[in-house]
There are 2 protein chains.
Amino acid sequence: MAAELESVELTLEKHLPEQELREVKRILYGSGSRKLDLPQDAVEAASKLGFELQGHQLEAAPEQLRKPRIVRVGLIQNQIVQPTSKPVGEQVAALHKRIGDIVEVASLCGVNIVCFQEAWTMPFAFCTREKLPWTEFAESAEQGPTTAFCQKLAKQYNMVVVSSILERDEAHGDTLWNTAVVISNSGAVLGKTRKNHIPRVGDFNESTYYMEGNTGHRVFQTAFGKIAVNICYGRHHPLNWFMYSANGAEIIFNPSATIGELSESLWPIEARNAAIANHCFTCAINRVGTEHFENEFTSGDSKPAHHDFGQFYGSSYVSAPDGSRTPGLSRTCDGLLVTELDLNLCRQVSDKWNFKMTGRYDLYAEELAEIIHPDFKPNIIHE
Amino acid sequence: MAAELESVELTLEKHLPEQELREVKRILYGSGSRKLDLPQDAVEAASKLGFELQGHQLEAAPEQLRKPRIVRVGLIQNQIVQPTSKPVGEQVAALHKRIGDIVEVASLCGVNIVCFQEAWTMPFAFCTREKLPWTEFAESAEQGPTTAFCQKLAKQYNMVVVSSILERDEAHGDTLWNTAVVISNSGAVLGKTRKNHIPRVGDFNESTYYMEGNTGHRVFQTAFGKIAVNICYGRHHPLNWFMYSANGAEIIFNPSATIGELSESLWPIEARNAAIANHCFTCAINRVGTEHFENEFTSGDSKPAHHDFGQFYGSSYVSAPDGSRTPGLSRTCDGLLVTELDLNLCRQVSDKWNFKMTGRYDLYAEELAEIIHPDFKPNIIHE
């Protein structure tokens, strides 16, 4: 079997002549992304720790009355560290250690907001449909050890941390949620936000564990801009992205876990379309690797029971409101993508393209209210 | 100056080694599109008439209870034929002739539904902001000579015709609209549908001529499936696509006129995202070439007044609900893209991914009703 392709971008760079490469990249990726030089100590540390480090920049025009609002976001994609058969505590501790190391490098790169992948403290074990030991990975969003760990990182590095975990909600009958905890650079828990849309596709039968979130479309005012978190499957729903943007989000993070055959041709499209349609930045993060489970499971695809789930194809990237995007991280390796944004670009693109001004939301509010009626009759013209 | 890149797809095919090409295409374009062999007489006619002819196929799985619902759609992109300074009648007649010739080839290819580009009977003269002679291109949607011409084609070739024109609405005080007329394969006018969102960006200040459409999101039941038309700038609005789909559209056509610097990196993303998000096919059509106007005009971009508008970059393509897409037509030449679809794919992908089932439209109807209030307060969490 041939080796996995490392990334589309590297393949194009390797084979296309310079002039064609420039045009192809302009058409496929937009012209707004530049390479960002990162400090030598960060580059060396990443190399030593064995993860890919990329730096990019998405600029805005200078304005007369507003200073540039420069923010560096860090997206981390990673494999699980310990086998899934190890004790829960050991698996979590190993992931804390790994992420702590990468966040230290992010700090060397001047990252202001870091976001980890979906359910980052655990294997994406929901494919097994077994409750134990996976539900033991659930923690309190406010009081759990992972949040305490992130608070320490946030305070130490003056960094906002977006930590997507399996949440145990003791106050509501011990229910589970798929939740992102947003931790201020002060170290305080700013709040939490839950996954609004739950998949029922292939191996992703997560409604076995948790239901649709009930936290709506809240946006978090951080020291580095207004951010929101659209967790995983929510990226397939344009209304979900829209509603975060309508509530003021300038950057929407999309911590995810998704695999090649299912979604890889959708991946470069959805988060990028959301950045374009909503005049904001979007950050798509996927895990990498294949996860092996001791007990075999089936995937609803007529194939025999098996033990491996994956391959998660990484390819994390950042999109800008002007349609530009950064290259993706590797399809196979751990990585940290550092991207410097100027948040002023959001309003600049909005003033140029006016999608919100021309959005006619009154019309859609009316039509949406109609289509949800059980007796809704589609507007179909017959000859 | 270097020659214009013909298309991204041809460039990749020329330079990438076979194995990398296959992987890059799978990731960038999905794996669902196959080449469709077209009849030799059609290939020869296209060559003689000087336009590009491509054939592709987007398949679905066989089902037990439904037969495949195979439809061939034809997208036509073209330059204007006569200089914009010629008499209006001559310009229209030349375009009728050109399109008539291409439709004849479409008929040889077994096309069932053909769609022309936006405002296909005229140059895209709205950039000039001059009213005459451009408003003279406007015609009645029901009684105009262009509709009569399309009815003849429809009947002769047993083809549904989607004809996007500048409409003169005599019944409502001679107002103008940007309107698509849908003509049944019987030759009858099935109805019309208007452009819902009007741009105010760069050279596209079309609200000088017409306002936002008032025909909502109607869908047309044709002999070859349920179709809708999302005209040009409406492709930037995910809610617009969604609402056509919610009313039952299986294919949404997007006749457009858009130029390189403004939108080319958005072009491959938006219609394709709409196909994915709404479990339907989408067909994006753009004109080609540069249009020269006798009177100089400015573009609101600090550059001197000039006479040329363009380059319209063609690149028309079809997207499938599974995220696959066809290659694009050329960026520079007239072309006919014939794509064979199996409409059964729409429900198959819907049953797999369940975006409508998991869409939570009741939640969004409520939130959308809130955000349109002038005193709406965004849901922002502060520390």
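Only a predicted model underlies this, so the values are computations on that prediction, with no experimental measurement involved.

1. Concerning the sheet that holds strand E18 (residues 380–381) of chain A
Part 1: Spatially, six strands are ordered E18(A)-E10(B)-E11(B)-E12(B)-E13(B)-E16(B) in an open sheet, and the strand pairing comes out mixed. Both edges of this open sheet fall to E18 of chain A together with strand E16 (317–319) of chain B, since each of them pairs with a single strand only.
Part 2: In this sheet, strand E13 (residues 281–285) of chain B lies alongside strand E12 (residues 251–255) of chain B in parallel orientation, the contact comprising five bridges. Counted as the bridge partner of Pro-255 of chain B is Ile-285 of chain B from E13 of chain B.
Part 3: Across the sheet, helix H8 (residues 267–278) of chain B touches E12, E13 and E16 of chain B, and the angle it forms with E16 of chain B is around 35 degrees.

2. Examining the interface of chain A and chain B
Part 1: Each partner contributes to the interface: chain A provides 87 residues, whereas chain B provides 86 residues.
Part 2: Remark: the boundary between chain A and chain B carries two salt bridges.
Part 3: With its nearest N and O atoms 3.1 Å apart, the salt bridge here joins Glu-264 of chain A to Arg-26 of chain B.
Part 4: Where chain A packs against chain B, one counts 38 residue pairs in polar contact (both at pLDDT 80 or more).
Part 5: No other element matches helix H10 (residues 361–371) of chain A, which puts nine residues into the side of chain A that touches chain B.
Part 6: Across the side of chain A that touches chain B, the residue classes break down as 42 nonpolar, 26 polar and 19 charged.

3. Here's the deal with the UniProt feature "domain: CN hydrolase" (unreviewed entry) in chain A
Part 1: The feature "domain: CN hydrolase" (unreviewed entry), as annotated in UniProt, sits at residues 71–343 of chain A in this numbering.
Part 2: Here residues 71–343 of chain A runs as 22% helix and 32% strand, with 7 Å between its end C-alpha atoms.

4. Let's talk about the sheet that holds strand E12 (residues 251–255) of chain A
Part 1: Taken in spatial order, the six strands line up as E16(A)-E13(A)-E12(A)-E11(A)-E10(A)-E18(B) in an open sheet, and their pairing is mixed. Pairing within the sheet leaves two strands with one partner each, and these edge strands are strand E16 (317–319) of chain A together with strand E18 (380–381) of chain B.
Part 2: One ladder, built from three bridges, connects strand E10 (residues 219–222) of chain A with strand E11 (residues 225–229) of chain A; its direction is antiparallel. Residue pairing in the sheet places Gln-221 of chain A in a bridge with Lys-226 of chain A of E11 of chain A.
Part 3: Here helix H6 (residues 238–246) of chain A sits on the sheet in contact with E10, E11, E12 and strand E13 (281–285) of chain A, set at roughly 145 degrees to E12 of chain A.

5. Brief notes about the confidence of the model for chain A
Part 1: When the pLDDT values of chain A are averaged, the result is 97; 99% of them are 70 or greater.
Part 2: On the interface metric, ipTM, the complex scores 0.96, and its pTM is 0.97.

6. Remarks on helix H5 (residues 145–157) of chain B
An α-helical turn contains 3.6 residues, so any two residues separated by three or four positions project in the same direction.
Residues and elements named next belong to chain B.
Part 1: Its 13 residues give H5 an end-to-end C-alpha distance of 18 Å, which sits within 8% of 18 Å, the value for a rise of 1.5 Å per residue.
Part 2: Within H5, burial applies to Thr-146, Thr-147, Phe-149, Cys-150, Leu-153, Ala-154 and Tyr-157. Summarising the axial view, the buried residues of H5 lie within an arc of 155 degrees, below the 170-degree limit, and thus occupy one face. Set apart from the buried face of H5 by more than 90 degrees, the exposed residues are Pro-145, Lys-152, Lys-155 and Gln-156.
Part 3: Check the buried side of H5 and you find it contacts helix H4 (88–108), strand E5 (160–169), strand E6 (175–183) and strand E7 (189–194).
Part 4: Just downstream of H5 lies Asn-158, where phi reads positive at about 55 degrees.

7. Re the side chain of Thr-11 of chain B
Part 1: Of note, Thr-11 of chain B is situated in helix H1 (residues 8–15).
Part 2: Thr-11 of chain B gets classed as buried once you look at its relative accessible area, which sits at 8%.

8. Structural notes on the packing of helix H6 (residues 238–246) of chain B against H8 of chain B
Residues and elements named next belong to chain B.
Part 1: Contact geometry for H6 and H8: axes closest at 10 Å, N-to-C directions at 40 degrees. One way to sum up the angle between H6 and H8 is to call them oblique. In terms of crossing hand, the pair formed by H6 and H8 is right-handed. Contacts from Trp-241, Phe-242 and Ser-245 in H6 reach Glu-270, Ala-271, Ala-274 and Asn-278 in H8.

9. Some words on the packing of aromatic side chains
Part 1: For the coordinates displayed, the defined rule picks out 34 aromatic pairs over all chains.
Part 2: Ring centres of Phe-126 of chain A and Tyr-209 of chain A lie 4.9 Å apart, and the angle between their planes is 55 degrees; on these two criteria the pair is classed as tilted. Residue Phe-126 of chain A is located in the loop between strand E4 (113–115) and helix H5 (145–157), and its partner Tyr-209 of chain A is located in the loop between strand E9 (204–205) and E10; the two are separated by 83 residues in the primary sequence. For the residue pair Phe-126 of chain A and Tyr-209 of chain A, the accessibility class agrees, reading buried in each case.
Part 3: Grouping aromatic residues by their ring pairs yields a cluster made of Phe-124, Phe-126, Trp-134, Phe-137, Phe-204, Tyr-209, Tyr-210, Phe-293, Phe-297, Phe-309 and Phe-312 of chain A.
Part 4: Here the basic side chain of Arg-287 of chain A rests over the ring of Phe-312 of chain A, its NZ or CZ set 5.7 Å away from the ring centre.
Part 5: Sitting over the face of the ring of Tyr-317 of chain B, Arg-325 of chain B holds its NZ or CZ atom 4.1 Å from the ring centroid.

10. Structural notes on the nonpolar core
Part 1: Formed by 124 residues in total, the largest nonpolar core has its most connected members in Ile-113, Ile-251 and Phe-253 of chain A together with Ile-113, Ile-251 and Phe-253 of chain B.
Part 2: In this structure, Leu-36, Val-103, Phe-116 and Cys-150 of chain B belong to the second largest nonpolar core, which totals 31 residues.

11. Considering the relation of the copies chain A and chain B
Part 1: Turning chain A through 180 degrees and shifting it by 0.0 Å along the axis lays it on chain B, with an RMSD of 0.0 Å. Within this description, the copies of the chain are treated as partners about a two-fold rotation axis.
Part 2: Comparing interface residues between copies, 99% of those in chain A also sit at the interface in chain B, which points to an isologous, same-surface contact.

About the criteria used
- Residues numbered from 1 in each chain as written.
- Chains lettered and ligands numbered in written order.
- Predicted model: local features only at pLDDT ≥ 70, side-chain atom pairs only at ≥ 80, totals over all residues.
- Heavy atoms only, no water.
- Pairing = 2+ DSSP bridges.
- Helix = DSSP H or I, 4+ residues; strand = E, 2+ residues; numbered from the N terminus.
- Contact = heavy atoms within 4.5 Å.
- Axes fitted to C-alpha atoms, helices over the stretch in contact; angles between N-to-C directions.
- Salt bridge = Lys/Arg side-chain N within 4 Å of Asp/Glu carboxyl O.
- Polar contact = N/O pair within 3.5 Å; in protein donor to acceptor, adjacent residues only side chain to side chain.
- Nonpolar A, V, L, I, M, F, W, Y, C, P; charged D, E, K, R; others polar.
- UniProt positions renumbered as here; feature names shortened; annotations may be inferred.
- pLDDT = per-residue confidence, 0-100.
- Expected span 1.5 Å × (residues − 1).
- Buried < 20%, exposed > 50% of the residue type's maximum accessible area, 1.4 Å probe, protein only.
- Arc of directions from axis to C-beta.
- Parallel < 35°, antiparallel > 145°, perpendicular 65-115°, else oblique.
- Left-handed = near helix turned anticlockwise from the far one by under 90°.
- Phe/Tyr/Trp six-rings, centres within 6.5 Å; stacked < 30°, edge-to-face > 60°.
- Lys NZ or Arg CZ within 6 Å of the ring centre and 35° of its normal.
- Core = buried A, V, L, I, M, F, W, Y, C linked by side-chain atoms within 4.5 Å.
- Least-squares fit on C-alpha atoms with pLDDT ≥ 70 in both.

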